[in-house]
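# Understanding the architecture of this molecule
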Amino acid sequence: MKALRAAVSLLWIAVLAPVSVLAEGAGAEQETFTLYSGLSLIDGTGTPLQAGMAILVKGDRIIKIGPSAELTATMPEDTEQVDAGDWYALPGLIDTHVHMATMPNLPKARALMRRYIYSGITSVRDMAGDMRALAELARESRLQKIPAPDLYYSALMAGPSFFKDPRPGSAAEGEVAGQVPWMQAITSETNMTEAVTLARGTWATGIKIYANLPGEEVRRIASEAQLQGFKIWAHSMVFPATPGEVVGAGVDVISHVCRLAWELADEKPAEYHHSVALPYGTLDPSDDRLKALYDRMKAQGTILDATLWLYTHLEERRKNRPARKAGPAICPPEFAAKLTAFAHAQGVEISTGTDVVLPAGAAYPALFDELETLVGGAGLTPLEVIRAATLNGARVVGLEHDRGTLEVGKRADILFVSQNPAEDIKNLRSVVLTVKGGKPYSRADYVPVTEEELTN
């Protein structure tokens, strides 16, 4: 009987093992060697660009980095050598704000993820959707069953009134939004230990704190999540919880830079809705109250998922909207850029999220617009933006020990481009090859996303 119980226990461990464990096991079985030689290296650690370098990959791991001539002369037998002369190698990119399953459509999500991986994006963070679909996408992507970046997703928590919004209804179809483990309505009566445990049981990487919660509830969520070793992600203004209260709760990442300006508002709405707006023209993006907020973010390591290009995108959509449709209030892109620049100047680490899906005809996803806007609008250097899109992205999902830089021992997530992105960030749009976990995805093999894939 004891043997039977032990066997059953082992069976359940195998069935319920985290996708990340399964993925690591799958990668460890690959024993082939690949040498990428003759490249120029931007390793993401802050070291200046190094020419004439090589990267030796065994299975899914980087095992050597050094001068090309040296690694070529000492490479193991049966090594596949890839001549990367005239290429630039940098860590795989990370989009820290996507939505793959707000209204679940797996064929559409797989098509968009195909565009991501062939564009050099090796990981994405999904910021709330239907866990039932997201779990399948996470499994497929992390086991490399489909051409896609690794997907890490969130479990959402918000005040009960938020769940009147149709979006959570779509993401919990067949169940009651707010009463499922991946989308929970939180009140002062909520057993927070149980709520966080339920969220963790969805295999989410973190909790997204969304809207319509007071500061005390944000603090309770964050405190319990920290006790359980769970990532805490939040909107920068939770309504009525202010940016100061959100940051003060100790969250790991806050999203949407423009909402930080609510720290300056005399009156703050009790609930989130799309029409809420600030008198941006009267606000100082370098106000001392924001400086104090940024100083605290820097001190505790809170990352800003700025989604800066989102405001340009929304402005363009508003210009194209019929005059009779007013639409939601929009933060001016210039104001958003100043907020981001000031945060960066105060030492706040920035990650590169988009929250935008581009149409079928786009050759590259919106992450490239975000990177270019961080340089052209917020004044970051190309190397600073590369760090934001690699190491900082890895920190967002808690994988900085394994991703985000090109170092010996880390997973082989590598982007190769034909033009130097350290000189001009737009040169990232010259993708030649993406390697994720040692597996190559040649840009020449990319099948563009079709309108039919996005509309069916």
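That block above? That's the structure.
This text gives an overview of the structure that appears in the document. Keep in mind that this is a model prediction, so the values were computed, not measured.

Counting its regular elements, the chain contains 16 helices and 18 strands. Taking 23 Å as the expected radius of gyration for a compact globule of 456 residues, we find that the chain reaches 22 Å, a close match to that expectation. The principal-axis extents of the C-alpha atoms in the chain amount to approximately 70 × 65 × 45 Å. Residue burial in the chain is summarised as follows: out of 456 residues, 56% are buried. If you take every contact in the chain between residues at least 6 apart in sequence, the share linking residues at least 24 apart comes to 72%.

The next thing to look at is helix H10 (residues 288–300). Relative to the 18 Å expected for 13 residues at 1.5 Å per residue, H10 spans 19 Å between its end C-alpha atoms, a close match to the ideal helical length. All buried positions along H10 are accounted for by Leu290, Leu293, Tyr294 and Met297. The buried residues of H10 all sit within an arc of 95° when viewed along its axis, so they share a single face. Opposite the packed face of H10, turned more than 90 degrees from it, sit the exposed residues Asp288 and Ala299.

This part is about the pattern of salt bridges. The full count for this structure, using the stated rule, is 23 salt bridges. Here Glu31 makes a salt bridge to Lys58, at a shortest N to O gap of 3.4 Å. In this pair, Glu31 sits in the loop between helix H2 (19–28) and strand E1 (33–41) while Lys58 sits in strand E2 (residues 50–58), placing the two residues 27 residues apart along the sequence. In this structure Glu31 comes out as partly exposed when scored by relative accessible area, which is 45%. Here Arg387 makes a salt bridge to Glu349, at a shortest N to O gap of 2.9 Å. Residue Arg387 is found in helix H14 (residues 382–389), and its partner Glu349 is found in the loop between helix H12 (333–345) and strand E15 (350–351); the two are separated by 38 residues along the sequence.

Residue placement: Gln346 occurs in the loop between H12 and E15. On the basis of relative accessibility, which here comes to 17%, the residue Gln346 falls in the buried class. Beyond its immediate stretch of four places on either side in the chain, Gln346 contacts Lys291, Tyr294, Asp295 and Lys298.

A complete count under the given rule lists one disulfide for this structure. A disulfide bridge connects Cys258 with Cys331, and the sulfur atoms are separated by 1.7 Å. When the S-S torsion is -45°, as for the bridge of Cys258 with Cys331, the disulfide is left-handed. Residue Cys258 is found in the loop between strand E13 (253–255) and H10, and its partner Cys331 is found in the loop between helix H11 (308–319) and H12; the two are separated by 73 residues along the sequence.

What follows concerns the environment of Arg220. With respect to the element layout, Arg220 can be found in helix H8 (residues 215–227). Between the C-alpha atom of Arg220 and that of Glu70, which follows or precedes it by 150 residues, the distance is 55 Å. Not counting chain neighbours up to four residues away, the residues in contact with Arg220 comprise Thr187, Ser188, Thr190 and Met192. A polar contact is formed between the side chain of Arg220 and the backbone oxygen of Thr187, at a distance of 3.1 Å.

Packed helices, taken two at a time, are described by the angle their axes make and the gap between the axes. Orientation of helix H13 (residues 367–376) relative to H14, taken along the N-to-C sense of each, is 140°, at an axis distance of 9 Å. What the angle tells us is that H13 and H14 run oblique. Handedness of the H13/H14 crossing: right-handed. Facing H13, whose interface residues are Leu371, Leu374 and Val375, H14 presents Pro382, Val385 and Ala389. Of the residues in the contact of H13 with H14, the class split is six nonpolar, no polar and no charged.

Let's shift gears to the packing of aromatic side chains. Per the stated rule, a full pass over the model turns up 12 aromatic pairs. Ring centres of Phe162 and Tyr210 lie 4.5 Å apart, and the angle between their planes is 35°; on these two criteria the pair is classed as tilted. Taken as a pair, Phe162 in the loop between strand E8 (150–158) and helix H6 (166–171) and Tyr210 in the loop between strand E11 (206–209) and H8 lie far apart in primary sequence, 48 residues in all. Classification of Tyr210 by relative accessible area gives buried; the value is 7%. The rings of Phe162, Phe163, Tyr210, Phe239, Trp262 and Tyr272 are connected pair by pair, giving a single aromatic cluster.

What follows is about the nonpolar core. Among the nonpolar cores identified, the biggest contains 114 residues, and Leu93, Met100, Leu151, Ile207, Ile209, Tyr294 and Leu304 are the most heavily contacted of them. When sequence neighbours within four positions are dropped, the list of residues in contact with Leu151 reads Met100, Met113, Val124, Asp126, Leu134, Leu137, Ala138, Ser141 and Arg142. With 17 residues, the next largest nonpolar core counts Ile55, Trp87, Ala89 and Leu406 among its residues.

Turning to the pairing of E11, a few remarks are in order. Side chains on a regular strand alternate between the two faces of the sheet. Neither face of E11 is open: one carries Gly206 and Lys208, the other Ile207 and Ile209, and all of them are buried. Across four bridges, E8 lies against E11 in parallel orientation. The residue of E11 that forms the bridge with Leu156 is Lys208. Bridge analysis of E11 against strand E12 (residues 231–235) gives four bridges, and the strand direction is parallel. Opposite Ile209, over in E12, you have Ala234 as the bridge partner. One crossover worth recording links E11 to the parallel E12 by way of H8, and it is right-handed.

Let's shift gears to the side chain of Thr96. Mapped onto the elements of the fold, Thr96 is located in strand E6 (residues 93–98). Those residues in contact with Thr96 that lie beyond four places of it in its chain are Arg125, Met127, Asp305, Ser351, Thr352, Gly353, Gly393 and Val396.

Moving on: H14. Turning to H14, its buried residues number three or more, namely Pro382, Val385, Ile386, Ala388 and Ala389. Buried residues along H14 cover an arc of 160° about the axis, so they all sit on one side. On the buried face of H14, the contacting elements are strand E5 (88–91), E6, E15, H13 and helix H15 (391–396).

How each quantity is defined
- Residues numbered from 1 in each chain as written.
- Predicted model: local features only at pLDDT ≥ 70, side-chain atom pairs only at ≥ 80, totals over all residues.
- Heavy atoms only, no water.
- Helix = DSSP H or I, 4+ residues; strand = E, 2+ residues; numbered from the N terminus.
- Rg over C-alpha atoms; globule rule 2.2 N^0.38 Å.
- Buried < 20%, exposed > 50% of the residue type's maximum accessible area, 1.4 Å probe, protein only.
- Contact = heavy atoms within 4.5 Å.
- Expected span 1.5 Å × (residues − 1).
- Arc of directions from axis to C-beta.
- Salt bridge = Lys/Arg side-chain N within 4 Å of Asp/Glu carboxyl O.
- Disulfide = S-S within 2.5 Å.
- Polar contact = N/O pair within 3.5 Å; in protein donor to acceptor, adjacent residues only side chain to side chain.
- Axes fitted to C-alpha atoms, helices over the stretch in contact; angles between N-to-C directions.
- Parallel < 35°, antiparallel > 145°, perpendicular 65-115°, else oblique.
- Left-handed = near helix turned anticlockwise from the far one by under 90°.
- Nonpolar A, V, L, I, M, F, W, Y, C, P; charged D, E, K, R; others polar.
- Phe/Tyr/Trp six-rings, centres within 6.5 Å; stacked < 30°, edge-to-face > 60°.
- Core = buried A, V, L, I, M, F, W, Y, C linked by side-chain atoms within 4.5 Å.
- Pairing = 2+ DSSP bridges.
- Right-handed = clockwise from strand over helix to strand, strands pointing away.

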